[in-house]
Amino acid sequence: MALDRALVGRSYPPSAVYEVGRAKIAEFATAVGADDPVHRDPEAARAVGHPDVIAPPTFAIVVSLEAAFVVLSDDEVGLDYSRVVHGDQKFTHHRPIRAGDRLVATTTIDAVRSAAGNDLLTTRVELATEDGEQVCTATSMLVARG
Amino acid sequence: MDVPAVGTELPELQLRVTRADLVRYAGASGDFNPIHWSDRVATAVGLPGVIAHGMLTMGLAARAVTAWTGDPAALVDYQVRFGRPVVVPDDDDGAELTVRGTVAAHLEDGRVRVDLAVTSGGEKVLSLARAVVRLA
């Protein structure tokens, strides 16, 4: 089923707050083999100018992919989740995510197109603090195999 | 770090990904899609077997860049296309990954673009893999 081009620009209400914890950052860092002490040791992080431990560069996916699920559960989008694979991913960091951040995710459909019988849908998730400070832009292209 | 010349190669990163790594990443990331832990489900959807999370491969590949700069916060922009799945056999060795990086361009504000080549068993698994790092 071809996606409706009128979906481009559709935005969803902000997510609930995700509070970034030191233990979650350390757990994620271990899982991707990121062994820099700035991910685990607050003193090491402060020594190089961060207020607290910082997350590895792809940690934002923990918050952003869940946020992007609002698109998959939108009946008007009508994507069959069982056919969806991750096509590409991009992160633009305005500053590192750090422990203590209270992040809100706002998801927008940036593009839809069809190629080789597949539906391609690009979602952009803006991660900002509760106070409105921009932290990360996470863009995901999802492929629904035809 | 002085701004390295275009064409400068980053130290190559070689690593292995085992089933245990996939389970650990599933828990850490919250991505419990069974194609990353169940051969039964993976083969039912047409895959050769359990595959690594694309985001795990992306996360591991970032280490080639962060180890080079010595500062994870310097990686300000990072993008990949998931080209080919990394099949991870249920044995002690798992799958092999090799990450090579090359300084591809100088950008404004002391930033450089690094292009990554990420292969497993000689096959490219990520394409258009690019990192922008701030060295100033």
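Predicted model, so just to flag it, every value in this text is computed and none were measured.

Enquirer: Is there a simple way to think about the overall build of chain A in this case?
Expert: The helix and strand inventory of chain A stands at 3 helices and 5 strands. Its C-alpha atoms give chain A principal-axis dimensions of roughly 55 × 30 × 20 Å. Buried residues in chain A amount to 37% of all 146 residues.

Enquirer: Which parts of the structure should I look at to understand the overall build of chain B?
Expert: Scanning chain B for helices and strands turns up 3 helices and 5 strands. In chain B, the succession of helices and strands from N to C terminus is β-α-α-α-β-β-β-β. The C-alpha extent of chain B, read off along each of the three principal axes, is 50 × 30 × 25 Å. Expressed as a percentage of its 136 residues, the buried residues of chain B come to 39%. Put simply, of all contacts in chain B between residues at least 6 apart along the chain, 63% involve residues at least 24 apart.

Enquirer: What exactly am I supposed to notice about the sheet that holds strand 4 (residues 118-129) of chain A here?
Expert: Strand order in the open sheet formed by 10 strands is 1(A)-3(A)-4(A)-5(A)-2(A)-2(B)-5(B)-4(B)-3(B)-1(B), with antiparallel pairing between adjacent strands. The open sheet has two edge strands, strand 1 (18-19) of chain A together with strand 1 (13-17) of chain B, and neither has a second partner. Summarising the sheet, strand 2 (residues 84-93) of chain A and strand 5 (residues 134-144) of chain A pair through 9 bridges and their orientation is antiparallel. Of the residues in strand 5 of chain A, the one forming a bridge with A:His93 is A:Cys136. Strands strand 2 of chain A together with strand 1, strand 2 (75-82), strand 3 (95-106), strand 4 (111-120) and strand 5 (123-134) of chain B of the sheet are contacted by helix 3 (residues 54-69) of chain B, whose axis makes an angle of about 45 degrees with strand 5 of chain B.

Enquirer: How should I be thinking about the interface of chain A and chain B in this particular structure?
Expert: Often, the extent of an interface is quoted as the loss of accessible area upon association of its parts. At the junction of the two partners, chain A supplies 24 residues and chain B supplies 25 residues. Those elements giving two or more residues to the side of chain A that touches chain B turn out to be helix 1 (22-31), helix 3 (61-72) and strand 2 of chain A. Its residues placed into classes, the side of chain A that touches chain B shows 12 nonpolar, 7 polar and 5 charged. By the bridge criterion, 5 bridges tie strand 2 of chain A to strand 2 of chain B in an arrangement that is antiparallel. Of the residues in strand 2 of chain B, the one forming a bridge with A:Gln89 is B:Val80.

Enquirer: Explain the nonpolar core to me, please; I cannot follow it from the model alone.
Expert: As a rule of thumb, nonpolar side chains are buried together in soluble globular proteins. Membership of the largest hydrophobic core comes to 74 residues, with the highest contact counts inside it found for A:Phe28, A:Ala60, A:Leu127, B:Ala61, B:Leu116 and B:Leu126. Not counting the four nearest positions on each side in its chain, B:Leu126 is found in contact with B:Thr57, B:Met58, B:Ala61, B:Val80, B:Arg81, B:Phe82, B:Gly83, B:Leu116 and B:Val118.

Enquirer: Just to check I follow, could you spell out the confidence of the model for chain B for this structure?
Expert: As a note on interpretation, predicted positions should not be read in detail where pLDDT is low. When the pLDDT values of chain B are averaged, the result is 95; 99% of them are 70 or greater. If you check the scores for this complex, the pTM reads 0.95 and the ipTM reads 0.96.

Enquirer: Just to check I follow, could you spell out the environment of B:Leu56 for this structure?
Expert: By the secondary structure assignment, B:Leu56 is in helix 3. Residue B:Leu56 is classed as buried on the basis of its C-beta count, with 27 C-beta atoms lying within 10 Å. In sequence terms B:Leu56 and B:Glu123 are 67 residues apart; their C-alpha atoms lie 17 Å from each other. In this structure, B:Leu56 is in contact with A:Val32, B:Leu22 and B:Tyr25, ignoring residues within four places of it in sequence.

Enquirer: Can you walk me through unusual backbone geometry in this structure?
Expert: Glycine aside, residues mostly have negative phi, and peptide bonds are mostly found in the trans state. Despite not being glycine, A:Ala116 has its phi angle at roughly 50 degrees, a positive value. We note that B:Leu128 has phi near 45 degrees; this positive angle belongs to a residue other than glycine. Within the fold, B:Leu128 resides in strand 5.

Enquirer: Explanation requested: the pairing of strand 4 of chain B in the structure shown.
Expert: Residues and elements named next belong to chain B. Along strand 4, the buried face is formed by Val112, Val114, Leu116, Val118 and Ser120; none of Arg111, Arg113, Asp115, Ala117 and Thr119, which line the opposite face, is buried. Two elements, strand 3 and strand 4, share 8 bridges in a ladder whose sense is antiparallel. Paired with Gly101 across the two strands is Leu116, which belongs to strand 4. Linking strand 3 back to strand 4 in an antiparallel pair, the connection comprises 4 residues, with Asp109 at a positive phi of about 60 degrees. As judged from the 9 bridges shared by strand 4 and strand 5, these two strands associate in the antiparallel manner. Of the residues in strand 5, the one forming a bridge with Val118 is Leu126. Hairpin geometry of strand 4 and strand 5 is characterised by an intervening segment of 2 residues between the two adjacent antiparallel strands and by a positive phi of about 60 degrees at Gly121.

Rules and cut-offs
- Residues numbered from 1 in each chain as written.
- Chains lettered and ligands numbered in written order.
- Predicted model: local features only at pLDDT ≥ 70, side-chain atom pairs only at ≥ 80, totals over all residues.
- Helix = DSSP H or I, 4+ residues; strand = E, 2+ residues; numbered from the N terminus.
- Buried ≥ 20, exposed ≤ 12 C-beta atoms within 10 Å, placed from the backbone.
- Contact = placed C-beta atoms within 7 Å.
- Pairing = 2+ DSSP bridges.
- Axes fitted to C-alpha atoms, helices over the stretch in contact; angles between N-to-C directions.
- Nonpolar A, V, L, I, M, F, W, Y, C, P; charged D, E, K, R; others polar.
- Core = buried A, V, L, I, M, F, W, Y, C linked by C-beta atoms within 7 Å.
- pLDDT = per-residue confidence, 0-100.

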